[in-house]
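Structure assessment
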Amino acid sequence: MLITSPITPAKIGPLLGRVYEAAVSGHGVYADRYAETCLRAELGLDEASNLWGPLFYSETREPVFWARNIWLSPFRLEFDSIGAAASALRGIQRNWHATVFTHWRRAALIQSRLPSMSFKRHSFPWLLPDASVGAWALLDEHTLLASARCSSPFPGGVIEFEEDKNGPPSRAYLKLWEALVRCRVWPHAGERCLDAGASPGGWTWALACLGADVIAVDRALLAEQVACMPGVRFMQHNAFSLQPEDIGPIDWLFCDVICYPDRLYEWLEKWLAAGLCGNFVCTIKTQSADTRQNFGDTLRRFASLGGQIVHLYHNKHELTWLKVRQRPDE
Ligand SMILES: C[S@@+](CC[C@H](N)C(=O)[O-])C[C@H]1O[C@@H](n2cnc3c(N)ncnc32)[C@H](O)[C@@H]1O
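Per chain, residues are indexed from 1 in the order of the written sequence. pLDDT decides what is reported in this predicted model: residues at 70 or higher carry local features, side-chain atom pairs at 80 or more are listed and counted, and totals for whole chains, interfaces and linings draw on all residues regardless. For the side-chain quantities, the full set of heavy atoms in the structure was used; hydrogens and water were omitted.

1. Some details on the overall build of the protein chain
Helix and strand content of the protein chain: ten helices and 16 strands. Relative to the globule expectation of 20 Å for 330 residues, the C-alpha radius of gyration of the protein chain, 21 Å, shows essentially globular dimensions. With the C-alpha coordinates of the protein chain rotated into their principal frame, the extents come out at 65 × 40 × 35 Å. Looking at the protein chain residue by residue over its 330 residues, the buried ones come to 55%. Any two residues having at least one pair of non-hydrogen atoms within 4.5 Å are treated as being in contact. Looking at the protein chain alone, contacts between residues at least 24 apart form 68% of all its contacts between residues at least 6 apart. Secondary structure elements follow DSSP: runs of H or I of four or more residues count as helices, runs of E of two or more count as strands, with numbering from the N terminus. When we talk radius of gyration, it's over C-alpha atoms, and the globule rule is simply 2.2 Å times the number of residues to the 0.38. Burial classification: accessible surface area is computed with a 1.4 Å probe over protein chains only, and a residue below 20% of its type maximum counts as buried, one above 50% as exposed, and the rest as partly exposed.

In structure tokens form, the structure reads like this:
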């Protein structure tokens, strides 16, 4: 297929598979290597099969969860000039994010000819615009790889927030913010939330700031400054021994308990069967290489619950299961 441009034509060749972008920067080398190792395992690729910098290509039809961003409809674009490359991308859509691992200067020149995007830190809540962000990367001087559609709504799968250094007692609230922005929905004032594994209280703090009524459950105590926030009720309890009927109808179930994923799955099955909650944001923790090896089956069970499983930018050795009523992004 030829894309016509006022400069010179660029030639597009669609790819059958998908491009999987590993998390290579952000939360420390160790955390990133962990996600990359998990991604390689999911794709059945060994250490030697890194194709293009942080980008893996696979035609697998199996679900893949550990990528920071998945390029859903990738194509190769052959071009003669920087202008032709930029013109071809601009002809497809407005927003493009570059992953650069070779020909840095040339990549910067192409990106400079694309419409600019804001990379400022966001305050929360922030309503994510609907416009999609594509991804592209130079492979060599005259070839690039690109995809207009990606799994993450954030450029390159990355979102940074203006952090609150005083209010929350932990930085865990950042992954909750990211999950809610990604879903484009969050608790309204007065909505009833259960926060399981709440201590020291980052998530509860974030929910109480939205004006939600929060039942915070943990075996350990909540930080005092969170426990006394309006709308917060703390229960020192094993979250998993609380049945849905003990809590009653809630709008949101949040869970960040450190536990074996199967324990969480069994508890969630009860909540889904009870029909007492509409929205779920739960962290699925991985604990060791052994767990990781057997993790595929566990994740398939979570996937069968509906919603989506994602590796958030703010996730470390964990994934996040999201099931919300309104406007899921994928
Ligand atoms: C990662 S921390 C949660 C951080 C919290 N979301 C925040 O924002 O500060 C995990 C928590 O799970 C709690 N936990 C572990 N097992 C639990 C259980 N069975 N029931 C309730 N809480 C549990 C731990 O006490 C710990 O506070």
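Structure shown, so let's carry the discussion forward.
2. A closer look at the sheet that holds strand S10 (residues 192-196)
Pairing in this open sheet of seven strands is mixed, and the strands run S12-S11-S10-S13-S14-S16-S15 from one edge to the other. In the strand order of this sheet, the two ends are held by strand S12 (232-236) and strand S15 (308-310), each with one partner. Put simply, the sheet's adjacent strands are angled 15 degrees from each other on average, direction ignored. Alignment of S10 against strand S11 (residues 213-218), held across five bridges, turns out to be parallel. Across the sheet, Ala196 pairs through a bridge with Val217, a residue of S11. Fitting a line to C-alpha atoms yields each axis, with helices limited to the stretch in contact; the angle taken between N-to-C directions then spans 0 to 180 degrees. Across the sheet, helix H4 (residues 173-183) touches strand S13 (250-255), strand S14 (277-285), S15 and strand S16 (318-323), and the angle it forms with S14 is around 135 degrees. Contacts between helix H10 (residues 295-303) and the sheet are confined to S14, S15 and S16, with S14 contributing the most and set at about 170 degrees to the helix. Two strands are counted as paired when DSSP detects at least two bridges linking them.

3. Observations concerning helix H8 (residues 261-274)
With 14 residues, H8 extends 20 Å from end C-alpha to end C-alpha; this agrees with the ideal 20 Å at 1.5 Å per step. Where the residues of H8 are buried, they touch S10, helix H7 (244-247), S13, S14, H10 and S16. In the stretch just after H8, Gly275 is the one whose phi turns positive, near 65 degrees. Expected span of a helix: the number of residues minus one, times 1.5 Å.

4. Things to note about the pattern of salt bridges
Within this document, salt bridges are pairs made up of a side-chain nitrogen of Lys or Arg and a carboxyl oxygen of Asp or Glu, the two lying within 4 Å of each other. A complete count under the given rule lists twelve salt bridges for this structure. Across the pair Asp262 and Arg301 runs a salt bridge, and its minimum N-O distance is 3.3 Å. With Asp262 in helix H8 and Arg301 in helix H10, the pair connects residues that are 39 residues apart, well separated along the chain. One salt-bridge network, held together by shared partners, links Lys175, Asp256, Lys285 and Glu318.

5. Here we look at the nonpolar core
Most often, soluble globular proteins keep nonpolar side chains buried together rather than apart. Nonpolar core, defined: a set of buried Ala, Val, Leu, Ile, Met, Phe, Trp, Tyr and Cys residues in which side-chain atoms within 4.5 Å join the residues together. By size, the foremost hydrophobic cluster in this structure holds 44 residues, and its most contacted members are Leu253 and Leu264. Elements with a minimum of two residues in this core: helix H1 (29-43), S10, S11, S13, H8, S14, H10 and S16. Domain segmentation is taken from an automatic or database assignment of domains. Both of domain 1 (2-157) and domain 2 (173-323) provide at least three residues apiece to this core. Once residues within four sequence positions are removed from consideration, Leu253 is found in contact with Leu194, Trp267, Leu268, Trp271, Cys277, Asn279, Phe280, Val281 and Cys282.

6. As for the side chain of Glu318
You can see Glu318 is positioned in strand S16. Only 3.0 Å separates the side chain of Glu318 from the side chain of Lys285, close enough to count as a polar contact. Setting aside residues no more than four positions away along its own chain, Glu318 makes contact with Trp66, Lys175, Thr283, Ile284, Lys285, Thr286 and His311. Two N or O atoms form a polar contact when they lie within 3.5 Å of each other; inside protein one atom must be a possible hydrogen donor and the other a possible acceptor, and for residues adjacent in sequence the pair counts only when both atoms belong to side chains.

7. What about unusual backbone geometry?
Residues Phe124 and Pro125 are joined by a peptide bond in cis, for which omega reads 0 degrees. Structurally, the position occupied by Pro125 is in the loop between helix H3 (104-112) and strand S8 (133-140). Cis geometry is adopted by the peptide bond preceding Pro200, which originates at Ser199 and carries an omega value of 5 degrees. You can see Pro200 is positioned in the loop between S10 and helix H5 (202-209). Residue His103 is not a glycine yet carries a positive backbone phi of 50 degrees.

8. Quick word on the packing of aromatic side chains
Aromatic rings from Phe, Tyr and Trp, with only the six-membered ring used for Trp, were paired whenever their centres fell within 6.5 Å, and each pair was classed as stacked if the ring planes differed by under 30 degrees, edge-to-face if by over 60, and tilted otherwise. By the definition in use, this model includes 14 aromatic pairs. Here Trp52 and Tyr57 contribute two aromatic rings whose centre-to-centre distance is 6.3 Å and whose plane-to-plane angle is 55 degrees, an arrangement assigned as tilted. For the pair Trp52 and Tyr57, a shared accessibility class is recorded, and that class is buried. For the ring pair Tyr173 and Trp205, a centre distance of 5.2 Å and an interplane angle of 70 degrees mean the geometry is edge-to-face. Of this pair, Tyr173 sits in helix H4 while Trp205 sits in helix H5, and the two are 32 residues apart along the sequence. With relative accessibility at 8%, the residue Trp205 sits in the buried group. Taken together through their ring pairs, the aromatic side chains of Phe124, Phe161, Tyr173, Trp177, Trp186 and Trp205 make up a single cluster.

It is worth stressing that arrangement in space is one thing and function is another; only the former is reported here.
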